[in-house]
Amino acid sequence: GGLDKIELEYWVAVVALAGVVELENMKVKEENARNYTPGDCGFDPLGFFPEDKKAQLTMQTKEIKHGRIAMMALLGFVVQEALYSTPVTQETPFFFQPLF
């Protein structure tokens, strides 16, 4: 693959950032107590999240399904790379090159 070529400092920064996000999420959860919805950190700068409850539930369901599909796609890359011992970027280069 190529994960072995990534510097240790990068992984430390990624884990630290994830920790900060989790700590902030815990604060939001404690502040909102009963009104807390898992995953809702109040971040919606473009205002895409609907106001009515039914539309909110629909949007949340779509977000969960799209996240699961993305995880399956990533798993496909990992399996392909493990089976063929070739980086996915070399196996399918047309996905990783600019269109023009």
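The preceding data block contains the structure.
Each value, and the rule that gives it
- Residues numbered from 1 in each chain as written.
- Predicted model: local features only at pLDDT ≥ 70, side-chain atom pairs only at ≥ 80, totals over all residues.
- Heavy atoms only, no water.
- Helix = DSSP H or I, 4+ residues; strand = E, 2+ residues; numbered from the N terminus.
- Rg over C-alpha atoms; globule rule 2.2 N^0.38 Å.
- Areas by Shrake-Rupley, 256 points an atom, 1.4 Å probe, with all protein chains shown as cover.
- Phe/Tyr/Trp six-rings, centres within 6.5 Å; stacked < 30°, edge-to-face > 60°.
- Buried < 20%, exposed > 50% of the residue type's maximum accessible area, 1.4 Å probe, protein only.
- Patch = residues over 30% accessible without salt bridge, like charges linked within 9 Å, V, L, I, M, F, W, Y side chains within 5 Å.
- Salt bridge = Lys/Arg side-chain N within 4 Å of Asp/Glu carboxyl O.

Of regular secondary structure, the chain possesses three helices and zero strands. Each helix and strand of the chain, placed in order from N terminus to C terminus, yields the pattern α-α-α. Taken over C-alpha atoms, the radius of gyration comes to 19 Å for the chain, far larger than the 13 Å a tight globule of 100 residues would show. For the chain, the spread of C-alpha atoms along the principal axes amounts to about 50 × 30 × 30 Å. Of the roughly 9,300 Å² of accessible surface on the chain, a fraction of 65% belongs to carbon and sulfur atoms.

It is worth spelling out the environment of Asp40 at this point. Following the sequence through the fold, Asp40 ends up in the loop between helix H1 (8–32) and helix H2 (53–84). Spatially, the C-alpha atoms of Asp40 and Ala70 are 20 Å apart, while their sequence positions differ by 30 residues.

We now examine the packing of aromatic side chains. Going through the model one piece at a time under the given rule, you end up with three aromatic pairs. Judged by centre distance (5.2 Å) and plane angle (70 degrees), the rings of Tyr10 and Trp11 are edge-to-face. On the basis of relative accessibility, which here comes to 46%, the residue Tyr10 falls in the partly exposed class. Look at Phe94 and Phe95: their rings are 4.6 Å apart centre to centre, the planes differ by 50 degrees, and that puts the pair in the tilted class. Comparing Phe94 with Phe95, the two get one shared label, exposed.

Another aspect to go through is a nonpolar patch on the surface. A cluster of nonpolar side chains, contributed by Met72, Leu74, Leu75, Phe77, Val78, Val79, Leu83, Tyr84, Phe94, Phe95 and Phe96, occupies part of the molecular surface with about 1,200 Å² of accessible area. Within the element layout of this structure, Val79 appears in helix H2. For Val79, a relative accessible area of 41% puts it in the partly exposed group.

Unusually for a residue other than glycine, Ala33 sits at a positive phi of about 40 degrees. Turning to its location among the elements, Ala33 is positioned in the loop between H1 and H2. Even without a glycine there, the phi angle at Ser85 is positive, about 50 degrees. With respect to the element layout, Ser85 can be found in the loop between H2 and helix H3 (88–91). Classification of Ser85 as exposed rests on a relative accessible area of 67%.

Position of Val21 relative to the elements: it lies in helix H1. Among the residues examined, Val21 registers a relative accessible area of 47% and is labelled partly exposed. Sequence spacing of Val21 and Gln60 is 39 residues, and the spatial spacing of their C-alpha atoms is 20 Å.

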